[in-house]
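Here are the chains, one letter per residue:
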Amino acid sequence: MYKRLLVSILIVIMFAWSLAPVRPSLAAHLQPREQAIALQFSEGPSDPAELEAFLDPVMRAQMEENHIAGAVVSVVKDGVLLFSRGYGLADVSANKAVDPEITLFNIGSIAKTFAFTAVMQLVEQGKLDLNADINTYLDIKIP
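Anyway, here's the lowdown on the structure attached to this text. Note that the structure is predicted; figures quoted are calculated from it, not measured.

Some words on a nonpolar patch on the surface
In step 1: A surface patch of nonpolar side chains, amounting to about 440 Å² of accessible area, comprises Ile 134, Tyr 137, Leu 138, Ile 140 and Ile 142.
In step 2: Among the secondary structure elements, Leu 138 is positioned in the segment after α5 (111-124).
In step 3: For Leu 138, a relative accessible area of 35% corresponds to the partly exposed category.

Rendered as C-alpha cells:
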C-alpha cells in the first residue's frame with residue numbers, strides 16, 4: 001500500500017519538477033531550435049484549466065492502476081496556488097471524498113525529497129555551501 005502511494009507521489013513530484021524553468025546556463029548550450037523550444041516552455045504552466053485537463057486523466061489512471069484510494073495535487077507558481085484538486089476518497093468506508101483544503105496525508109519518507117530540493121535551491125542561490133562546516137549555519141555547536 002505504502003509502496004503504491006510512494007510511486008504515485010514520486011510521479012507527481014517528477015511532473016512538478018518537469019515544470020521547473022530551464023536554467024539559463026543550460027539554455028546557453030542548446031542549439032537555436034532547441035533554445036527556442038526551451039524558452040517556449042521555460043515559464044511553466046499558467047492556465048489552471050490546462051493543468052486540470054492534463055492532471056485529471058493522469059491521476060485517475062495512476063490511482064486505478066496502483067489501487068490508491070485518494071490523493072491531492074497542488075501546483076504553486078511564483079508563490080501563488082495555481083491549481084489544487086483532490087482525487088478519490090479520504091475515507092473509503094464512509095465514502096468521503098478527498099478535499100484538498102482539509103484532507104491530510106502522511107507523506108512518510110518523501111519529506112527527504114523536499115528537504116533535499118530546498119537545500120539544493122539554497123545552493124543554487126549561493127546561500128549554502130555544501131563543503132562548508134555545518135556549524136557555519138547553526139546557532140548551536142556540533143562537534
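On we go.
Describing unusual backbone geometry
As a rule of thumb, non-glycine residues mostly have phi less than zero, and peptide bonds are mostly trans rather than cis.
In step 1: A positive phi angle, near 55°, is found at His 67, a position not held by glycine.
In step 2: Along the chain, His 67 falls in the loop between α4 (48-66) and β1 (70-77).
In step 3: His 67 sits in the exposed class, given a relative accessible area of 55%.
In step 4: For Asp 78, which is not a glycine, the phi torsion comes out positive at approximately 55°.
In step 5: Topologically, Asp 78 is positioned in the loop between β1 and β2 (80-91).
In step 6: The exposure class of Asp 78 is exposed, given its relative accessible area of 72%.

Some words on α5
In step 1: Along its 14 residues, α5 runs 20 Å from first to last C-alpha, staying within 8% of the 20 Å computed at 1.5 Å per residue.
In step 2: Positive phi appears at Gly 126, one or two residues downstream of α5, with a value of about 80°.

Considering the nonpolar core
In step 1: Formed by Leu 51, Leu 55, Met 59, Met 63, Ile 68, Ala 71, Val 73, Val 75, Leu 82, Phe 83 and Tyr 87, the largest nonpolar core amounts to 11 residues.
In step 2: Elements with a contribution of two residues or more to this core: α4, β1 and β2.
In step 3: Top contributing element to this core by residue count: α4, with four residues.

Some details on the sheet that holds β1
In step 1: The strand order across the open sheet built from three strands is β1-β2-β3, with neighbouring strands paired in antiparallel fashion. Strands at the two margins of the open sheet, each flanked by one partner only, are β1 and β3 (96-97).
In step 2: Both β2 and β3 contribute to a ladder of two bridges, which runs antiparallel. Bridging across to β3, Asp 91 finds its partner in Lys 96.

Rules used throughout
Residues numbered from 1 in each chain as written. Predicted model: local features only at pLDDT ≥ 70, side-chain atom pairs only at ≥ 80, totals over all residues. Heavy atoms only, no water. Patch = residues over 30% accessible without salt bridge, like charges linked within 9 Å, V, L, I, M, F, W, Y side chains within 5 Å. Areas by Shrake-Rupley, 256 points an atom, 1.4 Å probe, with all protein chains shown as cover. Salt bridge = Lys/Arg side-chain N within 4 Å of Asp/Glu carboxyl O. Helix = DSSP H or I, 4+ residues; strand = E, 2+ residues; numbered from the N terminus. Buried < 20%, exposed > 50% of the residue type's maximum accessible area, 1.4 Å probe, protein only. Expected span 1.5 Å × (residues − 1). Core = buried A, V, L, I, M, F, W, Y, C linked by side-chain atoms within 4.5 Å. Pairing = 2+ DSSP bridges.

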